[in-house]
Amino acid sequence: MIPEVRDALPPAELMPERVYALPELRYPLRLNVAAELLDRNAEGDRAGRPAIHAGERVLTYGELARKVNRLCHGLRGLGLDRGDRVLLRMPNVPEFIVSYLACQKLGVVTVGTMPMLRARELGYIADDAGTTAAIVWGGLREELERAQPQAPELKRLIVAGQAQPGDTTLEALMDGQPERFAPADTDRDEIAMIAYTSGSTGVPKGCVHFHRDILASADAYARHVLAPTEDDRFGGHPTLAFTFGTGGLLVFPFRFGASTVLSGPFTPESMLETFAKRRVTICFCAPTSYRLMLGVPAMARRYDLGALRLGVSAAEPLPAATWAEWHAATGVELLDGIGSTEMFHIFISSLPGRVRPGATGVPVAGYGCRVVDESGNELGPGQAGLVAIKGPTGCKYWRKPDRQAEYVRWRGWNVTGDVYVQDADGYFTYQCRSDDMIVSGGYKIPGPEVEQVLDEHPAVAESAVVAAPDRTRGFVVKAYVVLNPGRGPSAELVAELQEHVKRELAPYKYPRAIEFIERLPRTETGKIQRYILRQADVLPWNPGAGG
Ligand code: 3UK
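A brief report on the enclosed structure follows. Sequence order as written defines the numbering, with residues in each chain counted from 1. Where totals are concerned, whole chains, interfaces and linings use all residues; where local detail is concerned, this predicted model gives features only for residues with pLDDT of at least 70, and gives and counts side-chain atom pairs only at 80 or more. As a rule here, side-chain values come from all non-hydrogen atoms in the structure, and water together with hydrogens is ignored.

Next up on the list: the site of the ligand. Here a residue is near a molecule or strand as soon as one of its heavy atoms is found within 4 Å of it. Lining the immediate surroundings of the ligand are 22 residues, of which Asp336, Gly337, Thr341, Asp418 and Lys444 lie closest. As used in this structure description, the phrase polar contact means that two N or O atoms lie within 3.5 Å; if the pair is within protein, one of them must be able to donate a hydrogen and the other to accept it, and residues adjacent in sequence are counted only when both atoms belong to side chains. Between the ligand and proline 317 there is a distance of 3.4 Å, counted from a nitrogen atom to a backbone nitrogen or oxygen. Separating a nitrogen atom of the ligand from a side-chain N or O atom of aspartate 336 is a distance of 2.7 Å. For the ligand, whose accessible area on its own is 610 Å², the fraction buried by protein is 96%. Put simply, DSSP marks the helices as runs of H or I at least four residues long and the strands as runs of E at least two long, and each gets a number from the N terminus on. Per element, the largest residue contribution to the shell around the ligand is four residues, and it comes from strand β14 (residues 333-339). We call Asp, Glu, Lys and Arg charged. Ala, Val, Leu, Ile, Met, Phe, Trp, Tyr, Cys and Pro are nonpolar, and the rest, Gly among them, are polar. Residue composition of the shell around the ligand, by class: nine nonpolar, eight polar and five charged. Method for areas: the Shrake-Rupley scheme with a 1.4 Å probe, in which residue coverage is limited to the protein chains shown.

Put into structure tokens, the structure is as follows:
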């Protein structure tokens, strides 16, 4: 590994202790994730089997491998090499997968970014990761170009899809290139990707995953929980840039020679139509999306979901009621699973045929999970505490040793900040988060990040952002705003503040509810008492304005 990249990893004493308890998790020293996911299928007897379904288009493993190899030559021609970081900004299109696999094959580190991110978020990520090039979808270029001044090293944009004259295009890079390319001889513990997650402090943190981590997630979680065959078709809405999507729509299908079904922007109807038309067998969605699909009138009669055999639900807790409604409507079991960007994917999951609705499930094969107190002492059944995990994947923050020490504690346990209770028979039930992160519609929204942006508005003196209960989304972002002298509450100002946040941050982070108050409740040491605001509707001092 090049020294610059190695030095960005956490110090050895803060590394998670990783355990490879199963024989299928023992990998050779030299390991390349793209060779495993792609070449193994394309060069074996699956060359003619489908790899990607996108609308009417089907790309076989053989076709995909030829595209990837041609792009490897093209990227190499631009001077990109092992250890370099490349930012990916694309919707769920085949070009995302081609770019991801080509980078992996070269040993180039991918930095996937969610399409909804805005310039300030992209600029931070590009600069923090030290990306020197980006592969960007034409329709998403504007925010990235606005971010470039924040990331001086990001000089080269490669445009996929709709391009403009003078662009370096993905197509041109692949044009006329040889169709074979030998994968880089990467170490199993060499960095493959950095996935950014919004921390509760509002500063995005890069989560590093090695070549081996990505495969381990498939060989622990997917193999043991989903038991995929090459006839499975994986579908769903998470972006490929989110590790929930990278796993569910790229790594897991390819690890088992199955195929992935890519779809456009999520609407409940379009998702159901894709499941029916493309015969999706395993789907990955957030609970909110399952609820929205259940809200489509006569959903099970209008869409033939006969091919579907399992639905994975993650990113937020799956209530027993949603499980029961989906099961009644489709006959399909939803498998709740908790994962994180730090852990790459799911580490506690329900198992087919053994679901207990309302509980997340049991530790995934290969992972050890405990419920502990603040000092790391194990708690007994029925007692709520922090969940701590050890397994083949683990948290490795890029250039953030202080944050690393919060996530990895007690000589190697990963602590996600989630509060759990374990039953006497081993099932884990989610309680809440222990910090200020708001989980809304499956999105993680750090309250402080929204506060910071609200406070930049000239009308705002200060603000506090909390989660307010919501029937569809679980919770929504609610902002309590103290106005500057001379500014009064109004519906126009609510709309203006909402627009302000949507312009500055990914739009899903905007406060769906805004309430103006005289002052924020604080402790004697000056800390905002967000728990009081969470119950604010019953407080006498609440003037009840706005909303
Ligand atoms: C919360 C859940 C209750 C929990 C993710 C599957 O969500 C993913 O990653 P993020 O980094 O967020 C991690 C946090 O989200 N969470 C996730 N799943 C559940 N809470 N029940 C669940 N089933 O607070 C966790 O710490 O955005 C999920 C696979 C890959 C992922 N990255």
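Moving on, we get to the packing of aromatic side chains. Pairing of aromatic rings covers Phe, Tyr and Trp, the last through its six-membered ring, and needs centres within 6.5 Å; plane angles under 30 degrees mean stacked, over 60 mean edge-to-face, and all others mean tilted. Going through the model one piece at a time under the given rule, you end up with eleven aromatic pairs. When the ring of tyrosine 420 is compared with that of tyrosine 430, the centres are 5.6 Å apart and the planes differ by 75°; the resulting orientation is edge-to-face. With a gap of ten residues between them, tyrosine 420 in strand β20 (residues 413-422) and tyrosine 430 in strand β21 (residues 428-433) connect regions that are remote in the sequence. Since its relative accessible area comes to 1%, tyrosine 420 is described here as buried. Counting every residue linked through ring pairs, the aromatic cluster contains Tyr221, Phe234, Phe242, Phe244, Phe252 and Phe284. We call a charge positioned above a ring when the Lys NZ or Arg CZ atom is no farther than 6 Å from the ring centre and deviates by at most 35 degrees from the ring normal. In this structure, lysine 396 packs its charged tip against the face of phenylalanine 210, placed 4.7 Å from the ring centre. Note that lysine 502 overlies the ring of tyrosine 510, its terminal NZ or CZ placed 4.3 Å from the centroid. When a residue's accessible area, from a 1.4 Å probe over protein chains only, is under 20% of the maximum for its type it is buried; when over 50% it is exposed; and in between it is partly exposed.

Before going further, it helps to examine the nonpolar core. Core analysis: the biggest nonpolar cluster contains 114 residues, and Leu64, Leu75, Leu101, Leu226 and Phe254 have the highest contact counts within it. Ranked by the residues each element gives to this core, the list is headed by helix α8 (residues 211-226), at nine residues. Among residues more than four places away in sequence, those in contact with leucine 75 are Leu80, Ala102, Cys103, Leu106, Ile135, Ile158 and Leu173. Buried residues of nine kinds, namely Ala, Val, Leu, Ile, Met, Phe, Trp, Tyr and Cys, make up a nonpolar core once their side-chain atoms join them within 4.5 Å. Should any heavy atoms of two residues lie within 4.5 Å, those residues are considered in contact.

The next subject is the sheet that holds strand β12 (residues 282-285). Strand order in the open sheet formed by nine strands is β2-β1-β11-β10-β12-β13-β14-β15-β16, and the pairing between neighbours is mixed. Strands with a single pairing partner mark the edges of an open sheet, and in this sheet they are β2 (57-60) and β16 (362-363). Two strands pair if DSSP finds at least two bridges between them. As paired elements, strand β10 (residues 233-236) and β12 share three bridges and run parallel to each other. Each residue of the ladder has a partner; that of glycine 235, found in β12, is cysteine 283. Against the sheet, helix α10 (residues 268-277) touches β10, β11 (259-262) and β12, its axis set at about 175° to β10. The axes used here are C-alpha line fits, helices contributing only the stretch in contact, and every angle between their N-to-C directions lies in the interval 0 to 180 degrees.

Let us look at the pairing of β12. Here β12 shows no split at all, with Ile282 and Phe284 on one side and Cys283 and Cys285 on the other all buried. Relative to strand β13 (residues 310-313), β12 runs parallel, the two sharing four bridges. Looking across to β13, one finds that phenylalanine 284 is bridged to valine 312.

As for its position among the elements, proline 115 is in the loop between β4 (109-112) and α5 (119-129). Sequence spacing of proline 115 and glutamate 145 is 30 residues, and the spatial spacing of their C-alpha atoms is 14 Å.

A word on helix α3 (residues 61-77). Expected span of a helix: the number of residues minus one, times 1.5 Å. Helix length check: α3 (17 residues) gives 24 Å between terminal C-alpha atoms against 24 Å at 1.5 Å per residue, within 8%. Along α3, the positions that sit buried rather than exposed are Tyr61, Gly62, Leu64, Ala65, Val68, Asn69, Arg70, Leu71, Cys72, Gly74 and Leu75. Looking one or two places after α3, you find glycine 79, whose phi comes out positive at around 95°.

A few words now on unusual backbone geometry. Non-glycine residue alanine 227 carries a positive phi angle of around 40°. Mapped onto the secondary structure, alanine 227 falls in the loop between α8 and β10. In this structure alanine 227 comes out as partly exposed when scored by relative accessible area, which is 46%. One non-glycine residue, phenylalanine 344, lies in the positive phi region at around 75°. Among the structural elements, phenylalanine 344 can be located in the loop between β14 and β15 (346-349).

Turning to helix α13 (residues 320-330), its buried residues number three or more, namely Thr322, Trp323 and Trp326. For α13, the angular spread of the buried residues around the axis is 100°, confining them to a single face. Just downstream of α13 lies glycine 331, where phi reads positive at about 75°. In this description, the arc belongs to the directions extending from the helix axis to the C-beta atoms.

So, about the pairing of strand β1 (residues 50-54). Within β1, four of the five residues are buried, which leaves it mostly tucked inside the rest of the structure. The sheet contact formed by β1 and β2 spans four bridges and is antiparallel. Note that in β2 the partner of alanine 54 across the bridge is arginine 57. Hairpin connection from β1 to β2: two residues lie between these consecutive antiparallel strands, with glycine 55 at a positive phi of about 60°. The pairing of β1 with β11 spans three bridges and is classified as parallel. Paired with isoleucine 52 across the strands is threonine 260, a residue of β11.

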